[in-house]
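These are the residues of each chain, in order.
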Amino acid sequence: MNLLITGGTGYIGSHTVVELLKLGHDVAIVDNLANSSTQVLPRIEQITGLSPRFIEADICDRAAMDKVFSENAIDAVIHFAGLKAVGESNDIPLSYYHNNVSGTVTLLEVMAEHKVKNIVFSSSATVYGENNQSPLVETMPTSATNPYGQTKLMIEHILFDLAKSDPEWSIACLRYFNPIGAHESGLIGENPNGIPNNLLPYVAQVAVGRLAQLQIFGDDYDTIDGTGVRDYIHVVDLALGHVKALESLDKIDGCQAINLGTGNGTSVLQIVEQFKQTAERDIPYQIAPRRAGDIATVFANAELANNLLGWQAERGLVEMITDTWRWQSQNPNGFE
Ligand code: NAD
Ligand code: UD1
C-alpha cells in the first residue's frame, strides 16, 4: 500500500514505519519535528535497509498538506501527529486544541478532497476517563479530565460523525494503553524532551544516572502493593497492531474504536523491581503524594482487537524492559 504516516518520526510512528517498510509498503512521513528529530531516519534505514520519504510539514498547514496529497499516491493514512503531554495541555490548552483537533480536521478535509478515505487514528485509553472499572471495553462511556484527553475524545467524535456522513470512509480509532519498550536493535526508542512525564522513560533515566531518583506517585491505592497499575504494551506490538488495523480497514464498517493493550496490569513497584533486575542497577525511589488525575488501575479488555484484527500483544514485561534498557543504555542522550 502507499501510506502517509503523520507524526512518523515520533516514538510510536517510527516503530510503525519500520514494520511497514519491512512488509514492503511504500511509506511517506509528514512531521513538523515539534517532538522528534530527523536523526531517526538513518536509524530506520539501518534497521530496514530502506528509507521512507520524509516531508517536513505541519498537518495544520492546508497548502502543505494539499501538496503532499497532490505529489504522492496515497491509499491510507496512519495519523500519529499530535501533542501528547497531559500537564502541558493544562497550561496551553489552545495549542492542544489547535494542533490536535484543528490539525486533524485539516488533514481530514484534504484527505476527502483527494478521495483518500482510509485512516487509522492514534487514540488513547485516556478516553475512558475516571469512572469505568477495568478491564476497559470499547462500549463503555467515554470522558476526559484534561485538554489532551479532550482532544482525543473530540477527534473520535469527529471521526464517528464523518463515517456516519459518508460510507466510503473506513476508520480505526486505536485506543492505546501504555506503550513502552523500544526496537530490539536498540537503534530507535522513546526520546522525551526535558524531564519525562511517563513512568518508563523516567525509570530508565534514573537507571542510566541522568536523574537522581524516581518519585512514586502514591502507595495507598487499592492495588496489589498500593501503587498504580497500568497495562504496559511493547511499542513493537503496538506497531504491529497498526499493520493489522490497516489490513482490516476494509472489514471495518464506518468508524470503529479498538483497544490496543495486553489485558494485564503491572504496578509501579513491579516495574521498578523488574527494571532493577534487568539493568542490574539500583533505582532509588521515594514515595510522593498521588498525582492529580491518576486512577488506581487501568487495563484493557483486548478481545475486540483479537477478534476483529487477528492481533494480540506477544511481548511480555521482561522483553519490554530489556528493550527499554538496551535503547536507554546505548543512547543515554537519546538521538543526540
Ligand atoms: P511523539 O511525540 O513521539 O510523536 C508525535 C509526532 O507528531 C512527533 O514526531 C511530532 O513532531 C509530530 N507532530 C506533532 N504535531 C504535529 C503537527 N501539527 N504536524 C506534524 N507533525 C506533528 O508521540 P508518540 O508517543 O509517538 O505518540 C503518537 C500518537 O499516539 C500521539 O497522537 C499520541 O497522542 C498518541 N498516544 C500516545 C501514547 C503514549 O503513551 N506514547 C498513548 C496514547 C496515545
Ligand atoms: C499518562 C496520562 C495519560 C496518557 C498516558 C500515556 C496522566 C494523568 N495520564 O497515563 O493521559 O494517555 O500517560 O502517555 O498524566 N508514575 C510514578 N512516577 C512517575 C511517573 C509515573 O509513580 O514519575 C506512576 C503513575 O502514577 C501511574 C504509572 O506510574 O500509576 C504510569 O504513569 P504514566 O506513565 O504517566 O502513564 P498513565 O498515568 O497511565
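Model, not experiment: these values are computed from the prediction.

Q: Which residues make up the overall build of the protein chain, and what values go with them?
A: In terms of helices and strands, the protein chain carries eleven helices and 13 strands. Computed over the C-alpha atoms, the radius of gyration of the protein chain is 19 Å, within 12% of the 20 Å expected from 2.2 N^0.38 for a compact globule of 336 residues. Dimensions of the protein chain, computed from C-alpha atoms along their principal axes, come out at roughly 55 × 45 × 40 Å. Counting over 336 residues, the protein chain shows a buried share of 53%. Taking as baseline every contact in the protein chain between residues at least 6 positions apart, the subset at least 24 positions apart corresponds to 80%.

Q: Which residues make up the site of ligand 1, and what values do they have?
A: Within the structure, ligand 1 sits among 26 residues, and D31, N35, S36, K84 and N99 are positioned closest to it. At 2.7 Å from an oxygen atom of ligand 1 is found a side-chain nitrogen or oxygen belonging to N35. Measuring from an oxygen atom of ligand 1, one finds a side-chain N or O atom of K152 at 2.9 Å. Within the complex, the protein chains bury 95% of what would otherwise be the 810 Å² of accessible surface of ligand 1. Put simply, the parts of the chain that give the shell around ligand 1 at least two residues each are helix 1 (11-22), strand 5 (118-124) and helix 6 (147-165). The element contributing the most residues to the shell around ligand 1 is strand 5, with three residues. Of the residues assigned to the shell around ligand 1, the class counts are eleven nonpolar, eleven polar and four charged.

Q: Hey, could you go over the site of ligand 2 for me, with residue numbers and the actual values?
A: Around ligand 2, 18 residues are found, and the nearest of them are L199, Q215, R230, R291 and D294. Contact distances for ligand 2 include 2.9 Å between an oxygen atom and a side-chain N or O atom of N178. Interatomic distance of 2.9 Å between a side-chain N/O atom of N198 and an oxygen atom of ligand 2. A total of 730 Å² of accessible area belongs to ligand 2 in isolation, and the protein chains cover 88% of it. It is strand 8 (residues 214-217) that contributes the most residues to the shell around ligand 2, four residues altogether. For the shell around ligand 2, the per-class residue count stands at eight nonpolar, seven polar and three charged.

Q: Residues and numbers for the state of the cysteines, please.
A: This structure, assessed with the given rule, holds zero disulfides. The thiol of C255 is not disulfide-bonded; the next cysteine sulfur, from C173, is found 3.8 Å away.

Q: Explain helix 5 (residues 93-113) to me, and be specific about the residues and the numbers.
A: Taking 1.5 Å of rise per residue, 21 residues should cover 30 Å, and helix 5 covers 29 Å from first to last C-alpha, within 8% of that figure. Buried residues of helix 5: Y96, N99, N100, V101, G103, T104, T106, L107, L108, V110 and M111, and no others. Its buried side turned inward, helix 5 meets strand 1 (2-6), helix 3 (62-71), strand 4 (76-79), helix 4 (86-91), strand 5 and helix 6. Downstream of helix 5 by one or two residues, K115 has phi in the positive range, about 60 degrees.

Q: Account for the environment of S185, with residues named and values stated.
A: With respect to the secondary-structure elements, S185 resides in the loop between strand 7 (178-180) and helix 7 (199-207). Placed 142 residues apart in sequence, S185 and W327 show a C-alpha to C-alpha distance of 8.0 Å. Polar side-chain contacts of S185 include one of 3.1 Å to the backbone nitrogen of L187.

Q: Could you give an account of the environment of L3, naming the residues involved and the relevant values?
A: Relative to the assigned elements, L3 resides in strand 1. Discounting residues that sit within four places of it in the chain, L3 has contacts with L20, H25, D26, V27, A28, A76 and L246.

Q: Could you give an account of the pattern of salt bridges, naming the residues involved and the relevant values?
A: If you walk through the whole model with that rule in mind, you get 15 salt bridges. A salt bridge links D220 to R290; the nearest nitrogen and oxygen atoms lie 3.0 Å apart. Here the residue D220 occupies a position in the loop between strand 8 and strand 9 (229-230), and R290 occupies one in the loop between strand 13 (285-288) and helix 10 (303-309), the gap between them amounting to 70 residues. Its relative accessible area of 51% is what places D220 among the exposed residues. Look at R290 and you get partly exposed, because its relative accessible area is 46%.

Q: So what about the pairing of strand 1? Which residues, and what values?
A: Burial analysis of strand 1 places four of its five residues in the buried class, the great majority of the element. Note: strand 1 against strand 2 (residues 26-31), five bridges, orientation parallel. Its bridge partner lying in strand 2, N2 is registered against D26. Where the polypeptide runs from strand 1 across helix 1 and back to strand 2, its parallel neighbour, the crossover connection is right-handed. Two elements, strand 1 and strand 4, share four bridges in a ladder whose sense is parallel. From the neighbouring strand, L3 faces strand 4, where its bridge partner is A76.

Quick notes on the rules
- Sequence order as written defines the numbering, with residues in each chain counted from 1.
- To read the labels, note that chains go from A and ligands from 1, taken in the order they are written.
- Whole-chain, interface and lining totals are the exception, using all residues; otherwise, since this is a predicted model, local features are given only for residues with pLDDT of at least 70 and side-chain atom pairs are given and counted only at 80 or more.
- Hydrogen atoms and water are omitted, and side-chain values are computed over all heavy atoms in the structure.
- Numbering of helices and strands starts at the N terminus; helices are DSSP runs of H or I of at least 4 residues and strands are runs of E of at least 2.
- Radius of gyration: C-alpha atoms only; globule rule: 2.2 Å multiplied by the number of residues to the exponent 0.38.
- The buried label goes to any residue with under 20% of its type's maximum accessible area, the exposed label to any with over 50%, and the partly exposed label to all in between, with areas taken from a 1.4 Å probe on protein chains only.
- Working rule for contacts: check all heavy atoms of both residues, and any pair within 4.5 Å makes them a contact.
- When at least one non-hydrogen atom of a residue lies within 4 Å of a molecule or strand, that residue is treated as near it.
- The definition of a polar contact used here is a pair of N or O atoms within 3.5 Å, where within protein one atom must be able to donate a hydrogen and the other to accept one, and adjacent residues in sequence count solely through side-chain atom pairs.
- Per-residue and other accessible areas follow the Shrake-Rupley method at a 1.4 Å probe size, with only the shown protein chains counted as cover for residues.
- In the scheme used here, Gly and all other residues not listed as nonpolar or charged are polar, with Ala, Val, Leu, Ile, Met, Phe, Trp, Tyr, Cys and Pro taken as nonpolar and Asp, Glu, Lys and Arg as charged.
- The definition used for a disulfide is geometric: two cysteine sulfur atoms within 2.5 Å.
- The span you would expect from a helix comes to 1.5 Å times its residue count less one.
- Think of a salt bridge as a Lys or Arg side-chain nitrogen and an Asp or Glu carboxyl oxygen that are within 4 Å of each other.
- For two strands to be treated as a pair, DSSP must find at least two bridges joining them.
- Think of it like this: strands point away, you trace from the first strand over the helix to the second, and a clockwise trace means the crossover is right-handed.

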